[in-house]
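This is what each chain is made of:
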Amino acid sequence: MPEDRLDKTDIAILDRLQRDGRIANVDLAEAVSLSPSSCLRRTKALEGDGIIGGYRAELDRTRAGLGLTVFIALKVAQHSRETSRQIESALVAIPAVVACHVVSGEADFLVEAAVSDLAAYERLLLDDILAIEPVTDARSTFAIRTVLSRGPLPLDHLARTTRH
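Keep in mind it's a predicted model, so treat the numbers as computed, not measured.

1. Some words on the overall build of the chain
And then number 1: Looking only at helices and strands, the chain has 6 helices and 4 strands in total.
And then number 2: Computed over the C-alpha atoms, the radius of gyration of the chain is 20 Å, more than 25% above the 15 Å expected from 2.2 N^0.38 for a compact globule of 164 residues.
And then number 3: Here the C-alpha coordinates of the chain stretch approximately 55 × 40 × 25 Å along the principal axes.
And then number 4: For the chain, the proportion of its 164 residues judged to be buried stands at 30%.
And then number 5: Sequence-distant contacts in the chain: of pairs separated by 6 or more residues, those separated by 24 or more amount to 67%.

2. Focus on the side chain of Thr-69
And then number 1: Mapped onto the secondary structure, Thr-69 falls in strand E1 (residues 68-76).
And then number 2: With a relative accessible area of 8%, Thr-69 lands in the buried category.
And then number 3: One polar contact links Thr-69 to Arg-61, side chain to side chain, over a distance of 3.0 Å.
And then number 4: Among residues more than four places away in sequence, those in contact with Thr-69 are Arg-61, Glu-112, Ala-113, Thr-141, Phe-142 and Ala-143.

3. Regarding the pattern of salt bridges
And then number 1: Applying the stated rule across the entire model yields 7 salt bridges.
And then number 2: A salt bridge links Asp-10 to Arg-42; the nearest nitrogen and oxygen atoms lie 2.8 Å apart. Within this pair, whereas Asp-10 is found in helix H1 (residues 8-19), its partner Arg-42 is found in helix H3 (residues 36-48), the two being separated by 32 residues in sequence.
And then number 3: Assessed through its relative accessible area of 23%, Arg-42 is described here as partly exposed.
And then number 4: Each member of the salt-bridge network shares a partner with another, and the members are Asp-7, Asp-10 and Arg-42.

4. Description of helix H5 (residues 118-129)
And then number 1: Here H5 has its buried residues at Ala-120, Tyr-121, Leu-124, Leu-125 and Ile-129. With its buried residues spanning 135° around the axis, H5 presents them on a single face.
And then number 2: Residue Asp-117 occupies the N-cap position of H5, its side-chain oxygen lying 3.2 Å from the main-chain nitrogen of Ala-119.

5. Examining the sheet that holds strand E4 (residues 135-142)
And then number 1: Across the sheet, 4 strands lie side by side as E2-E3-E1-E4; this open sheet has antiparallel pairing. The open sheet has two free edges, formed respectively by strand E2 (97-102) and E4, since each of these has just one partner strand. Across the sheet, the axes of successive neighbouring strands diverge by a mean angle of 20°, strand direction being ignored.
And then number 2: In the sheet, E1 pairs with strand E3 (residues 109-115) via 7 bridges, with the strands oriented antiparallel. Bridge pairing links Ile-72 to Val-111 in E3.
And then number 3: Along the sheet, helix H4 (residues 81-92) contacts E1, E2 and E3; its crossing angle with E3, the most-contacted strand, is approximately 10°.
And then number 4: H5 rests against E1, E3 and E4 of the sheet, and its axis sits at about 20° to E1.

6. Let's talk about unusual backbone geometry
And then number 1: Here Ser-33, not a glycine, exhibits a phi torsion of approximately 60°, which is positive.
And then number 2: As for its position among the elements, Ser-33 is in the loop between helix H2 (25-31) and H3.

Criteria and thresholds
The numbers attached to residues start from 1 for each chain and follow its sequence in the written order. It should be noted that, the model being predicted, local features are given only for residues of pLDDT at least 70 and side-chain atom pairs only at 80 or more, the latter also being counted only at that level, while totals for whole chains, interfaces and linings use all residues. The side-chain numbers reported here are obtained from all heavy atoms of the structure, hydrogens and water having been left aside. Strands here are runs of E lasting at least two residues and helices are runs of H or I lasting at least four, both read from the DSSP assignment and numbered beginning at the N terminus. The globule rule is 2.2 Å times the number of residues to the power 0.38, and the radius of gyration it is compared with is taken over C-alpha atoms. Exposure is judged per residue with a 1.4 Å probe applied to protein chains only, and the accessible area is read against the type maximum: over 50% gives exposed, under 20% gives buried, and values in between give partly exposed. Here, two residues are considered to be in contact whenever any of their heavy atoms come within 4.5 Å of each other. Polar contact is the term for a pair of N or O atoms within 3.5 Å; when the atoms are in protein, one must be able to donate a hydrogen and the other to accept it, and sequence-neighboring residues count only if both atoms are side-chain atoms. Should a side-chain nitrogen of Lys or Arg be within 4 Å of a carboxyl oxygen of Asp or Glu, the pair is scored as a salt bridge. Each C-beta atom gives one direction from the helix axis, and the arc is the one those directions make. Strand pairing follows a simple DSSP-based rule, namely that at least 2 bridges must link the two strands. For helices, the fitted axis covers only the stretch in contact; all axes are lines through C-alpha atoms, and the angles between them, taken along N-to-C directions, range from 0 to 180 degrees.

Have a look at this one:
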């Protein structure tokens, strides 16, 4: 479902589910002024079209024993689709990697990792990340304090460009 086919009700469903993914369908339907069956049908369509990518519990990193967040800027030796696929596959397989982006600028990839402490970070860097053959350089930045690590995506732009 392309974004230009979303209406204000679809946007309201998306907004509410971002804020409370465990909301019961009957309560969601009431919140967006739909019947439960219509609400469920729309939600399933949003899931089927991939706009809703899934549902998960958000864990507190510190309470889960992962009190150190590190951002690692990676440079690679050669730029090709195959190199990118190789690095992406290796990074996806590392449990400590919680986000990875292909970026422009000084680095080629920006990796976010959650680890327990500096010793765990050292193992991650030396045993996993620098072991990826095309990686030639890794520059790390440690989070001192997290102000915001998640949040609902802004949907204001959809309200301006969608059907009513």
